[in-house]
Each structure stands twice: as C-alpha cells, then as structure tokens.
Amino acid sequence: MPGNAVERLAEELARAAGVPVELERPSDPAHGDFATNAALRLGPVRGRPPRELAQELAAAALGLAHVERAEVAGPGFVNLFLRDAWFAEALEEMGEQYGRGLAGSPERVQVELVSANPTGPLTVASARNGAFGDSVARLLEYAGHDVAREFYVNDAGTQIEQFVASIEAIRRGEEPPEGGYTGPYMAEAAQQQAPVEYMLEELRRTLSRFRLEFDSWVRQTSLEAAIPEAIEALDTYRHEGALWIRTSAHGDDKDRVVIRSEERGGRPAYVAWDAAYLRDKLERGFDRLIYVLGADHHGYVGRLKGLA
C-alpha cells in the first residue's frame, strides 16, 4: 500500500470528491480526527460558495469505509470522524522507522552529558544523567537532527587538586587530607603512574557497559589558553580587586567573579572555564546546545544563559 494511513485516506477522499484534498489534525478533538479546508481553497476557483462545496465533500467522505461521520463547519471546513478500524490499520504499519527523520528544520545539536569528575567511580546520579541525556540525543537523532554527544572532562580545579593530594597521601602511607578522597578504589588508583588518566579510563569502561558512547571528549585543561579571549567578549567590571561578569543583566540571579582578586590568587574562577567552553561550543557551529546538568547544578541554568 502506497503512503501511510493518512496519505491513503486523503487520496481516497480526493478520488471520491474529484478534488485535491489535504488533511490536518484539528487543534480541538471535538472538531474531528482530521479536517480539510479543500472547499475554501476551491470556492474561488470554481466560482461556487465554499460551504456548498464542503457539503458535497462531506457527502463523498461518508461513502468511504473508514469515515464514520463528516461534518461541515464554519465557512467551508469539513471535519472527519474515523472508525476504529482505521486507527487499527494505522497502528499496524508503525514499524521501528515510522516517523523517523520528520524534523521540519534539521539542526546540528550538541548534547553534553554525564561530564563526571575523573576522581572516582561513576555514581547513580551520573548514571541517571547519562540515561536521560542519551535518550534526548536518540530522540533528536530519530527526528532527523545531526546530534553530537560530548563529555566534558574536569581535569583541573579544586576537585582534581584534592584527588591528587589524596593520592600522594596514600602513597606516603598517610590518611587523605580533610575533604580528600577515600574508598577502596583509591588504593588501586594510587598504584597507577597517572591516577587521573586511570580514573578517566575507568569512567570510559563503565559508560561503555552502560551503552553510552561519546563523539568527543573535551578536557578542561585544553581551554585555559582560550579564557582571555572569552572574557574579552563579556560584559565585565572590576570590584574589590576581582573581575566580574554582568551575567545578572542576561538571565542570571547575580553577577559572577571571573578572575579572582590578587589576594585570592588572581586565578580564573570556574565561570571563566564555563565561558571558554561555551565559546568553544558556539565556534564549532552548533545550532543548539543542550546541557544535561546534575541534580545539584540548578544554579547553572541562569549562569549559562547569562554567558551565552
């Protein structure tokens, strides 16, 4: 059978009525399962009142096996109410590829998901993030979008510093420092020449078993050189020796420190890395960026929008 169930119904009605017919879903279910404005379009061409043509079209529709009721509405719409047998037939032909690639305007979409710190095994929270993010990516791909999955590797900053300090303490036979990392996995990591790389590889293996594959892995450390240029593109000001971004003017709940004061080391704050990373994403030409944030990262929504 050519076409899908809707296309076949439109063709049958067109043959019965002798006029081209396009079917649409009414916004209100009370107006039928499908509707057509064919009479409105043909009225001026035929030189006849559209409602009169609509009555003829409704009468022709009633002669079709799948049409239970046909009603003329307004100036010339025809609303069709279909029998259950039509819906059963439509459902039977819905295979795995049904509806695939129907995006009206296909986009290049990046979905960043999981992005767990390489400081320990994957947690249940990260697994939830991965399942949700990958499902979003799969649905977008199914709709016909070009989707890229990315893992952002936080291989710099406070968490990595604490992890390395904990590894060094274990190697010396000491307890990890306060706020450091503990657990059986740390003993194995301490035996590795490159513990951060070891933990990252462990994450990769776990994600692979979870059927999560990534198109790209971007390291935080690779973006450090891009921070100055990213900051130049932002609306900044100085206050109390630090450099701030006016993210509050663009959707954030407050402004953010981007470069700490000299008294606090003068180093880029984490938002500086966020800015460099977001700029990097935008420069890669994606039409849409999706961040699957962790459950405790709700504050990032306004921040990222402000940076964007």
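Refer to the structure presented above.
The structure reproduced in this document is the subject of the present report. Note that the structure is predicted; figures quoted are calculated from it, not measured.

**Re the packing of aromatic side chains**
Aromatic rings considered in pairs are described by the distance between their centres and by the relative angle of their planes.
Logical step 1: Here the structure, examined in full by the defined rule, presents eight aromatic pairs.
Logical step 2: When the ring of Phe151 is compared with that of Phe214, the centres are 5.5 Å apart and the planes differ by 80°; the resulting orientation is edge-to-face. Taken together, the positions of Phe151 in strand E5 (residues 146-153) and Phe214 in the loop between helix H8 (195-209) and strand E6 (216-219) put the pair 63 residues apart, joining distant regions of the chain. An identical accessibility class is assigned to Phe151 and Phe214; each is buried.
Logical step 3: Through a chain of ring-to-ring contacts, three or more aromatic side chains come together here, namely Phe34, Trp86 and Phe87.
Logical step 4: Sitting above the plane of the Trp217 ring, Arg204 keeps its charged end 4.0 Å from the centroid.
Logical step 5: The ring of Tyr291 carries Lys281 above its face, with NZ or CZ at 3.8 Å from the centroid.

**Things to note about the nonpolar core**
Logical step 1: Ranked by internal contacts, the top residues of the largest apolar core, which has 25 residues, are Leu13, Val21, Leu23, Val67 and Leu80.
Logical step 2: Those elements giving two or more residues to this core turn out to be helix H1 (5-17), helix H2 (38-46), helix H3 (50-61), strand E2 (67-73), strand E3 (77-82) and helix H4 (84-92).
Logical step 3: Val218, Ile231, Val258 and Ala275 belong to the second largest nonpolar core, which has 20 residues in total.

**Considerations on the sheet that holds strand E4 (residues 108-112)**
Logical step 1: Read from one edge of the open sheet, four strands run E6-E5-E4-E10, paired in parallel fashion. Either end of the sheet is taken by a strand with one partner, and the two such strands are E6 and strand E10 (288-291). The sheet shows a mean angle of 25° between the axes of neighbouring strands, direction not considered.
Logical step 2: Here E4 runs beside E10; their pairing, made up of four bridges, is parallel. Each bridged residue has a counterpart across the sheet, and for Val109 the counterpart in E10 is Arg288.

**Thoughts on the side chain of Ser216**
Logical step 1: Following the sequence through the fold, Ser216 ends up in strand E6.
Logical step 2: A polar contact of 2.5 Å, which involves the side chain of Ser216, links it to the side chain of Glu150.
Logical step 3: If sequence neighbours within four positions are ignored, Ser216 has contacts with Arg149, Glu150, Phe151 and Arg284.

**Some points on helix H11 (residues 300-307)**
Logical step 1: For H11, the tally of buried residues reaches six of eight residues, placing the bulk of the element in the interior.
Logical step 2: Every buried residue of H11 is accounted for by Tyr300, Gly302, Arg303, Leu304, Gly306 and Leu307.
Logical step 3: The elements touched by buried residues of H11 are strand E8 (242-245), strand E9 (256-259), helix H10 (270-283) and E10.

**A look at the environment of Leu40**
Logical step 1: Positionally, Leu40 belongs in helix H2.
Logical step 2: Judged by relative accessible area, which is 25%, Leu40 ranks as partly exposed.
Logical step 3: For the pair Leu40 and Arg51, spaced eleven residues apart in sequence, the C-alpha to C-alpha distance is 7.6 Å.
Logical step 4: The contact partners of Leu40, leaving out residues within four places of it in the chain, are Pro50, Pro75, Gly76 and Phe77.

**Section: the packing of helix H6 (residues 158-171) against H8**
Logical step 1: Contact geometry for H6 and H8: axes closest at 10 Å, N-to-C directions at 110°. One finds that H6 runs roughly perpendicular with respect to H8. Where H6 approaches H8, its residues Ile160, Phe163, Val164, Ile167 and Arg171 are matched on the opposing element by Pro195, Val196 and Met199.
Logical step 2: A breakdown of the residues in the contact of H6 with H8 according to their chemical character gives seven nonpolar, no polar and one charged.

Rules used in this analysis
- Residues numbered from 1 in each chain as written.
- Predicted model: local features only at pLDDT ≥ 70, side-chain atom pairs only at ≥ 80, totals over all residues.
- Heavy atoms only, no water.
- Phe/Tyr/Trp six-rings, centres within 6.5 Å; stacked < 30°, edge-to-face > 60°.
- Helix = DSSP H or I, 4+ residues; strand = E, 2+ residues; numbered from the N terminus.
- Buried < 20%, exposed > 50% of the residue type's maximum accessible area, 1.4 Å probe, protein only.
- Lys NZ or Arg CZ within 6 Å of the ring centre and 35° of its normal.
- Core = buried A, V, L, I, M, F, W, Y, C linked by side-chain atoms within 4.5 Å.
- Pairing = 2+ DSSP bridges.
- Axes fitted to C-alpha atoms, helices over the stretch in contact; angles between N-to-C directions.
- Polar contact = N/O pair within 3.5 Å; in protein donor to acceptor, adjacent residues only side chain to side chain.
- Contact = heavy atoms within 4.5 Å.
- Parallel < 35°, antiparallel > 145°, perpendicular 65-115°, else oblique.
- Nonpolar A, V, L, I, M, F, W, Y, C, P; charged D, E, K, R; others polar.

That is the geometry; function is a separate question.
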